[in-house]
Amino acid sequence: MEKQWHEDETLKTFFTDCSPNIIDMWDFPRTPSSDCNGSEASEETEIAVNIGGVKHILYRDVLNRYPETRLAELVNRATHSTQEDLCALCDDYDDLKREFYFDRDPEAFKCILELYYYKEIHMKRGICPMRFIREMDYWGINAKYLDECCISSLNEVQTELAEIAEKVKTILDDLEDDATVTRGQRCQAFLRKLMEKPESSLAARVIAVGSFALILLSSVVMCVGTIPELPVEDTQGNLVEHPTLESIEMACIIWFTVEYILRFLSSSNQLRFVFSFMNIVDFLAIMPFYVVLILGAAQTELADVQQAVQALRILRIVRIFKFARHSAGLQALAVALKSSLKELGVMLMYMTVGIFLFSALGYTLEHSHPETMFTSIPQSLWWGIIAMTTVGYGDIYPKTTLGRCNAAASFLCGIIAIALPIHVIIHNFIIVYNKQRVLETTAKHEIELMALHMKDEAQECPESTKMPSQASVGNSSVWDSAGVSV
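Residues numbered from 1 in each chain as written. Predicted model: local features only at pLDDT ≥ 70, side-chain atom pairs only at ≥ 80, totals over all residues. Heavy atoms only, no water.

A word on the packing of aromatic side chains
Inference 1: The final tally for this structure, using the stated rule, is twelve aromatic pairs.
Inference 2: With a centroid separation of 4.8 Å and 55° between ring planes, the pair formed by Phe-102 and Trp-139 is classed as tilted. With a gap of 37 residues between them, Phe-102 in strand E5 (residues 99–102) and Trp-139 in the loop between helix H6 (129–138) and helix H7 (148–175) connect regions that are remote in the sequence. Summarising the burial analysis for this pair, Phe-102 and Trp-139 share the class buried.
Inference 3: Consider the rings of Tyr-260 and Phe-283, whose centres lie 6.3 Å apart with planes at 45°: the pair is tilted. Remark: Phe-283 occurs in helix H12 (residues 277–298) and Tyr-260 occurs in helix H10 (residues 243–266); sequence separation between them is 23 residues. (Phe/Tyr/Trp six-rings, centres within 6.5 Å; stacked < 30°, edge-to-face > 60°. Helix = DSSP H or I, 4+ residues; strand = E, 2+ residues; numbered from the N terminus. Buried < 20%, exposed > 50% of the residue type's maximum accessible area, 1.4 Å probe, protein only.)

Shown next, in the form of structure tokens:
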């Protein structure tokens, strides 16, 4: 025991004296040729590297497990190459100490070394994935060696950066003033900003607020128009909508029509515009008015036509979805629900199984009662739905003791089934909503950084005074900081 203590103290003294820098000892497995006292390893089989002030002793047999990497090439060329050749592989080289200097991140290098010993790499928590990928590229390591958990994290960051780049391109498209575009293209761009981007100008903001108010007004008019006392009789004695409400409805429809046409004309891809979900909603919101107008003018006395008119009027309710165009919260909710489809599917399956189970049990326990309300299993399904969803209308209810116990069990199971996925959906909504806000802030921040870079370049080279174009976004050095800010 005492002998072992003296050996440990000797090793500690050796490593403290060999370099004034930080000596980083690792728990990596050692090979027989990696004895630090030099009895089993010579200078030809090991190299000393200094990574950002942290010194490491690396061995040829370990590094040659991946001969295509920078470290393997360095250790193989260390004995027969000149100092100039070696400096091409590192930032600096001390011939006296035979030590290679690298101005790289020492924390990331810890993860890089894991490849040579464990055949896979894990990103340390707190390291930017995009910066870590640049470190891997520098050391000549393929991204396929990353563990699956780290690859998923990397893919998420790459997706976010792609979204930021797309947002920056959109902002730059609004800021650019290309002299090569035609007058028609300028008008189209101006119209697109006016109708699609409320933040671009005061007029666009006024149009957006006005459109939102008209959507709300038309929805209120549609609801108020169903009050039995409001319809009036026409010259033929038929009940028709009140003239005031009809005038308001017509004014709203005219605005929605003009808005739809202007947005269609300003679209750069009109085919995609037509088949977009929100634009389909806009079309369905205005189409019933014109169909009803045509049918009513053609054959108002036919019963089938009247039924068609009433059915088309019901379609006016889809205009409520137009609120989503002006509400970031509703858009975030739609995305959150889409990302929670798996949890919603599990809840729906659980509810379906519960409804069938408790409905069948309810019929079995109640059908023999003389005053039973459970006359069949299909009718019991209605009771099962309102019981599992904890609505409880009371139109159908059990009258036996066992039936009431079955109902109590269905209530408890329904509460559990509904409550379980709620947390996941709320969590997804918070993530999506915060991501939208961060996307807007980060994109504007990147534009400011790019403007500062262009300003610095303009001071050195007066010719480059224009804002960066969309093509320059992808290869701009500003994106080196984007991975950090995400």
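Brief notes about the packing of helix H16 (residues 341–366) against helix H17 (residues 377–388)
Inference 1: The interhelical angle for the contact between H16 and H17, taken along N-to-C directions, is 125°, at an axis separation of 8 Å. Viewed along their axes, H16 and H17 adopt a mutual orientation that is oblique. Note on packing geometry: the crossing formed by H16 with H17 is right-handed. Contacts between H16 and H17 pair Tyr-350, Met-351, Gly-354, Ile-355, Phe-356, Phe-358, Ser-359 and Tyr-363 from the former with Ile-377, Ser-380, Leu-381, Trp-383, Gly-384, Ile-385 and Met-388 from the latter.
Inference 2: In terms of residue class, the contact of H16 with H17 is made up of eleven nonpolar, four polar and no charged. (Axes fitted to C-alpha atoms, helices over the stretch in contact; angles between N-to-C directions. Parallel < 35°, antiparallel > 145°, perpendicular 65-115°, else oblique. Left-handed = near helix turned anticlockwise from the far one by under 90°. Contact = heavy atoms within 4.5 Å. Nonpolar A, V, L, I, M, F, W, Y, C, P; charged D, E, K, R; others polar.)

As for the side chain of Asn-406
Inference 1: Counting through the fold element by element, Asn-406 comes out in helix H18 (residues 401–419).
Inference 2: Residue class for Asn-406 comes out buried when judged on its relative accessible area of 7%.
Inference 3: Excluding anything up to four places from it in sequence, Asn-406 contacts Phe-358, Leu-361, Gly-362, Leu-365 and Trp-383.

Re the pairing of strand E3 (residues 54–59)
Inference 1: Of all six residues that make up E3, five are buried, and the element is covered over most of its length.
Inference 2: Bridge analysis of strand E2 (residues 46–51) against E3 gives six bridges, and the strand direction is antiparallel. Paired with Ala-48 across the two strands is Ile-57, which belongs to E3.
Inference 3: Taking the residues that link successive antiparallel strands as the turn, the E2-E3 hairpin has two residues, and the phi of Gly-52 there is positive, at about 60°. (Pairing = 2+ DSSP bridges.)

The values are spatial; any link to function lies outside them.
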